[in-house]
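Coordinate analysis (summary)
Below, each chain spelled out in residue letters.
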Amino acid sequence: MFSDQTWVARIIWAALATVVAWALVSWRLELAFVAVVTLALSLAPVFVAKWAEITVPPSFIAALVMFVGGTLFLGEVFDFYERFWWWDVAMHGGSAIGFGLIGFVLVFMMFQGDRFAAPHVAVAFFGFCFAVFIGTIWEIFEFSMDQLFGLNMQKSGLVDTMGDLIVDMVGAVIGAAAGYAYLKWQAKGGLASVIDEFVRRNPRFFKRWKK
């Protein structure tokens, strides 16, 4: 299950496990908690894919691991959101692209890989909507944490929230556009290569796929 994962993902998992052990020994419970949550969330896609009998491309798993680590660990523990103005943009933009791809793949699976079951733009639009929806749920989560526990996840409040949503929309467009290019022109490079690899690794979900 882990042997075919990229070295990037395995290094991040090992580093997080080391931080958990060190934080417990030094009795830094808050750091240990954040590291455990980060490690658990970054490992979750691997176990979910195993349970659902879905083969997820290792490159996509690595991207998810880097995102979770960058958002929860580097962003919150090492305060990267305050130290680097572009960190929030990179995290939200990257995640929106990923969720745009996931949304596209989900609806494509519903059609069992039939390229002509629905207009290409409609399938891509679903991917866009899915990514924006996830981004909106995250902003609600940030607002809830700030209101319930007195955190400062929203930073500058409304400005931060709207900025994040705008970045989410841009990333969602990029992810959905990759799906559209994959359907319309059977693109295999760039982001479309992730979709193509997923289709090739999971043929039972795409029985109607024809080139």
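Above this text is the structure in question.
Residues numbered from 1 in each chain as written. Predicted model: local features only at pLDDT ≥ 70, side-chain atom pairs only at ≥ 80, totals over all residues. Heavy atoms only, no water.

Our next topic: the packing of aromatic side chains. In the structure shown here, the tally under the stated rule is 15 aromatic pairs. Between Phe-84 and Trp-86, the ring centres sit 5.5 Å apart and the planes meet at 40°, which makes this aromatic pair tilted. Ring-pair connections join several aromatic residues into one group, and the members of that group are Phe-104, Phe-108, Tyr-182, Phe-198, Phe-206 and Trp-209. (Phe/Tyr/Trp six-rings, centres within 6.5 Å; stacked < 30°, edge-to-face > 60°.)

Here helix α6 (residues 120-149) spans 44 Å end to end across 30 residues, near enough to the 44 Å set by a 1.5 Å rise per residue. Among the residues of α6, those classed as buried are His-120, Val-123, Ala-124, Gly-127, Phe-128, Ala-131, Gly-135, Glu-139, Glu-142, Met-145 and Asp-146. In this fold, the buried residues of α6 make contact with α5 (87-110) and α7 (158-184). Phi turns positive, to about 70°, at Gly-150, one or two residues after α6. (Helix = DSSP H or I, 4+ residues; strand = E, 2+ residues; numbered from the N terminus. Expected span 1.5 Å × (residues − 1). Buried < 20%, exposed > 50% of the residue type's maximum accessible area, 1.4 Å probe, protein only. Contact = heavy atoms within 4.5 Å.)

Before going further, it helps to spend a moment on helix α3 (residues 58-77). For α3, spanning 20 residues, the distance from its first C-alpha to its last is 27 Å, which sits close to the expected 28 Å at 1.5 Å a residue. Of all the bends in α3, the largest measures some 35° and sits at Gly-70. Here α3 has its buried residues at Pro-58, Phe-60, Ile-61, Ala-62, Val-65, Val-68, Gly-69, Gly-70, Thr-71, Phe-73 and Gly-75. Each element contacted by the buried residues of α3 is listed here: α1 (7-25), α2 (29-52), α4 (80-83), α5, α6 and α8 (192-201). (Bend = angle between axes of the 7 residues up to and from the residue.)

Scanning the entire structure with this criterion turns up four salt bridges. Note that Lys-188 is salt-bridged to Asp-196, the shortest N-O span being 3.9 Å. Residue classification places Lys-188 among the partly exposed positions, given a relative accessible area of 36%. Ionic pairing is found between Asp-196 and Arg-200, a salt bridge with its closest N-O pair at 3.3 Å. Residue Asp-196 and its partner Arg-200 are both found in helix α8; the two are separated by four residues, about one turn of the helix. (Salt bridge = Lys/Arg side-chain N within 4 Å of Asp/Glu carboxyl O.)

Counting 18 residues, the largest nonpolar core has Phe-104, Val-105, Phe-108, Tyr-182, Ile-195, Val-199 and Phe-206 as the members making the most contacts within it. Within the residue set of this core, elements represented by two or more residues are α5, α7 and α8. Per element, the largest residue contribution to this core is six residues, and it comes from α5. The residues contacting Phe-108, other than those within four sequence positions of it, are Gly-113, Asp-114, Arg-115, Tyr-182, Leu-183, Val-199, Phe-206 and Trp-209. (Core = buried A, V, L, I, M, F, W, Y, C linked by side-chain atoms within 4.5 Å.)

The phi torsion at Trp-27 lies on the positive side, around 60°, for a residue other than glycine. Mapped onto the elements of the fold, Trp-27 is located in the loop between α1 and α2. Relative accessible area serves as the criterion here: at 63%, Trp-27 is assigned to the exposed category. You will see that Glu-53, though not glycine, has its phi angle at about 55°, which is positive. Relative to the helices and strands, Glu-53 resides in the loop between α2 and α3.

Here Met-91 is to be found in helix α5. For Met-91, a relative accessible area of 12% corresponds to the buried category. For the pair Met-91 and Phe-67, spaced 24 residues apart in sequence, the C-alpha separation works out to 6.5 Å. If we ignore the near neighbours within four places in the chain, the residues touching Met-91 are Phe-67, Gly-70, Thr-71 and Tyr-81.

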